[in-house]
Amino acid sequence: MSKTDLRDLTLDELKLAVEELGEKPFRAKQIFSWLHQKGAESFEEFKNIPQALREKIGEKYYISKLDIVEKLVSKDGTVKYLFDIGDGILIESVLMKYSYGCALCISTQAGCRMGCKFCASTLDGLERNLSASEILNQVYTIKKDSGENIHSIVLMGSGEPLDNFENVVKFLYIINHPEGMGLGMRHITLSTCGLTEKIEELSKLKLQLTLAISLHAPNDDIRKKTMPVANKYPLESIVKAAVNYSKATGRRVTYEYALIKGVNDSKENALELSARLKGTLCHVNLIPVNDVKENDFIRAEERNIQEFASVLTQKGIETTVRRKLGSDINAACGQLRKKYKRC
Ligand code: SAH
């Protein structure tokens, strides 16, 4: 009989598992806290659990952990981790240091099937979804390895989080649980290329997380040039789903917009974007596109970036330009993993 990953269970699932072993439910809370608060990697660490029970658990369950394959430290302090999740499949996560604390960018899938043309994660398609524990283990492993306190988490590594909805939601509930790491939902950002029906599903959960939408274009024609997903979900339906998300949760939505030279970075594009977003509870994050070796997209020029930002601001849309970290260590999505696979 193959064993089940204990770290992949919610507290409720753990309660059932403990009951099935003929034990009292309070044991579930203790085990959950070992796994998700104290970062235990073996049953021997479960100090307040009797040895007989540890052995009984060990017959049916195992505790997953992630192996660090490579760790790259940038001059600016950004650290990129490459993990092996078995069968030669690699995933990556990035630790970024800011004045307010550390932010962690993690992956939700190995590869991605969304096909955005500027993104390195999608070049080989989707390998597989990550389990909730594989998403959690990126956080726990990096926390332990770096000794840093994790202030916030962004689901902006490889993969489309809403294409792995069930496991991502499970991850969110576990990481937020007070008996676990207890990370506030407001410290978590979920970034999506805009799967509208899944955004509606997320709205129903009324979580307080920040929803970030990768828009990258002011209209469908331009969007279709770089994002195949635009053929299925018109921009209008995405903005509508985002407005509904704000209504359901009271949260401001972030739109990400990677500025690509000659594609989406003109003053006209900025005016069209501001007209689209006017009156909605939002914030635009402008990102100078990261060059990816496998494609021809070039980052917009500094003066276009500044002009784009000032048009949006003048039109009353709150706008920031993202600071670039870790460019010397292939810190952009999927870049390190890609490089490694070629070697
Ligand atoms: N699939 C999700 C999350 C992963 S990508 C999404 O689409 O939002 C995280 C963010 O990085 C997205 O906004 C994505 O469009 C952006 N991105 C991908 N490749 C990039 C590149 N080369 N330069 C700048 N941003 C990039």
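Residues numbered from 1 in each chain as written. Predicted model: local features only at pLDDT ≥ 70, side-chain atom pairs only at ≥ 80, totals over all residues. Heavy atoms only, no water.

Student: Is there a simple way to think about helix H1 (residues 11–20) in this case?
Tutor: Since there are 3.6 residues in each turn of an α-helix, residues three or four apart along the chain are aligned in direction. All of the buried residues in H1 are Leu11, Leu14, Ala17 and Val18. All buried residues of H1 fall inside an arc of 115° around its axis, so they share one side. Of the residues in H1, the exposed ones pointing more than 90 degrees away from the buried face are Asp12, Leu16 and Glu20. Buried residues belonging to H1 abut helix H2 (26–36) and strand S2 (61–62). Following H1 by one or two positions, Gly22 adopts a phi angle in the positive range, close to 75°. (Buried < 20%, exposed > 50% of the residue type's maximum accessible area, 1.4 Å probe, protein only. Helix = DSSP H or I, 4+ residues; strand = E, 2+ residues; numbered from the N terminus. Arc of directions from axis to C-beta. Contact = heavy atoms within 4.5 Å.)

Student: Quick question: what am I supposed to make of the environment of Leu202 here?
Tutor: With respect to the helices and strands, the residue Leu202 is situated in helix H6 (residues 196–205). Along the chain, Leu202 and Thr249 lie 47 residues apart, while their C-alpha atoms are 10.0 Å from each other. Beyond its immediate sequence surroundings of up to four residues, Leu202 is in contact with Leu162, Phe165, Leu190, Leu207, Leu209, Leu211 and Tyr245.

Student: In this structure, what is going on with the pairing of strand S11 (residues 210–214)? I would like to understand it.
Tutor: Two faces belong to every sheet, and in a regular strand the side chains alternate between them. Of all the 5 residues making up S11, 5 are buried; the element is thus mostly covered by neighbouring parts of the structure. Traced from strand S10 (residues 188–192) through H6 to S11, the parallel crossover comes out right-handed. Sheet analysis places S11 next to strand S12 (residues 253–259), joined by 3 bridges and oriented parallel. Bridge pairing in S12 links Ser214 to Glu256. (Right-handed = clockwise from strand over helix to strand, strands pointing away. Pairing = 2+ DSSP bridges.)

Student: Got a minute to help me understand the site of the ligand in this structure?
Tutor: Within the structure, the ligand sits among 17 residues, and Phe118, Ser191, Ser214, His216 and Asn290 are positioned closest to it. Separating a nitrogen atom of the ligand from a side-chain N or O atom of Glu160 is a distance of 3.1 Å. Within the side chain of Ser214, an N or O atom sits 2.6 Å from an oxygen atom of the ligand. When its residues are assigned to classes, the shell around the ligand shows 8 nonpolar, 7 polar and 2 charged. (Near = heavy atom within 4 Å. Polar contact = N/O pair within 3.5 Å; in protein donor to acceptor, adjacent residues only side chain to side chain. Nonpolar A, V, L, I, M, F, W, Y, C, P; charged D, E, K, R; others polar.)

Student: Explain the nonpolar core here, please?
Tutor: Most often, soluble globular proteins keep nonpolar side chains buried together rather than apart. Among the nonpolar cores identified, the biggest contains 99 residues, and Leu6, Phe46, Ile153, Phe171, Ile175 and Tyr255 are the most heavily contacted of them. In terms of residue count, helix H5 (residues 165–176) provides more of this core than any other element does, 7 residues in total. Look past the residues within four positions of Ile175 in its chain and what remains in contact with it is Leu136, Val139, Tyr140, Ile153, Met181, Gly182, Leu183 and Ile188. Within the second largest apolar cluster, 7 residues are counted, among which are Met96, Ala103, Val154 and Ala212. (Core = buried A, V, L, I, M, F, W, Y, C linked by side-chain atoms within 4.5 Å.)

Student: Can you help me understand the pattern of salt bridges in this one?
Tutor: Opposite charge on two side chains allows them to pair when their charged atoms are near. A full pass over the atoms with the stated rule returns 16 salt bridges. Among the ionic pairs, Glu23 bridges to Lys56, the shortest N-O distance being 3.2 Å. Residue Glu23 is found in the loop between H1 and H2, and its partner Lys56 is found in helix H3 (residues 51–60); the two are separated by 33 residues along the sequence. Note that Glu179 and Lys29 form a salt bridge whose closest N and O atoms lie 3.9 Å from each other. Residue Glu179 is located in the loop between H5 and S10, and its partner Lys29 is located in helix H2; the two are separated by 150 residues in the primary sequence. You can call Glu179 partly exposed: its relative accessible area is 26%. (Salt bridge = Lys/Arg side-chain N within 4 Å of Asp/Glu carboxyl O.)

Student: Before we go on, may I ask you to explain the side chain of Ser191 in this structure?
Tutor: Turning to its location among the elements, Ser191 is positioned in strand S10. Leave out the neighbours within four places in its chain, and Ser191 touches Leu155, Met156, Glu160, Pro161, Ala212, Ser214 and Glu256.

Student: Is there a simple way to explain the domain arrangement of the protein chain in this structure?
Tutor: It is common to report an interface's size as the accessible area lost on association of the parts. Once the domains are mapped, the protein chain shows domain 1 (4–62) and domain 2 (67–342). Taking the mean C-alpha position of each, domain 1 and domain 2 sit 33 Å from one another. The interface is formed by 15 residues belonging to domain 1 together with 14 residues belonging to domain 2. The contact between domain 1 and domain 2 buries some 1,200 Å² in all, and 52% of this surface belongs to carbon and sulfur atoms. (Domains from an automatic or database assignment. Buried area = accessible area lost by both parts, 1.4 Å probe.)

Student: How should the environment of Arg322 be read in this particular structure?
Tutor: Relative to the elements of secondary structure, Arg322 occurs in the loop between strand S14 (319–321) and helix H11 (335–342). You can call Arg322 partly exposed: its relative accessible area is 30%. Residues Arg322 and Val284 lie 38 residues apart in sequence; the distance between their C-alpha atoms is 10.0 Å. When residues no more than four places from it in sequence are discounted, the contact partners of Arg322 are Met156, Glu256, Asn285, Leu286, Ile287 and Pro288. Of the polar contacts made by the side chain of Arg322, one reaches the side chain of Glu256; its length is 3.3 Å.

Student: Please explain unusual backbone geometry as it appears in this structure.
Tutor: Of all residues except glycine, most have a negative phi; of all peptide bonds, most are trans. Here Asp87, not a glycine, exhibits a phi torsion of approximately 55°, which is positive. With respect to the secondary-structure elements, Asp87 resides in the loop between strand S4 (79–84) and strand S5 (90–98). You will see that Lys206, though not glycine, has its phi angle at about 50°, which is positive. Relative to the helices and strands, Lys206 resides in the loop between H6 and S11. On the basis of relative accessible area, Lys206 is assigned to the exposed category, the value being 53%.

Student: Where do I start with the packing of aromatic side chains in this structure?
Tutor: Within a pair of aromatic rings, the relevant descriptors are the distance that separates the centres and the angle that separates the planes. Under the counting rule described, the total for this entry stands at 5 aromatic pairs. On the numbers, 6.3 Å between centres and 15° between planes, the contact of Trp34 with Phe46 is stacked. You can see Trp34 sitting in helix H2 and its partner Phe46 sitting in the loop between H2 and H3, a full 12 residues away along the chain. On the basis of an interplanar angle of 5° and a centroid distance of 5.2 Å, the ring pair of Tyr98 and Tyr100 is categorised as stacked. (Phe/Tyr/Trp six-rings, centres within 6.5 Å; stacked < 30°, edge-to-face > 60°.)

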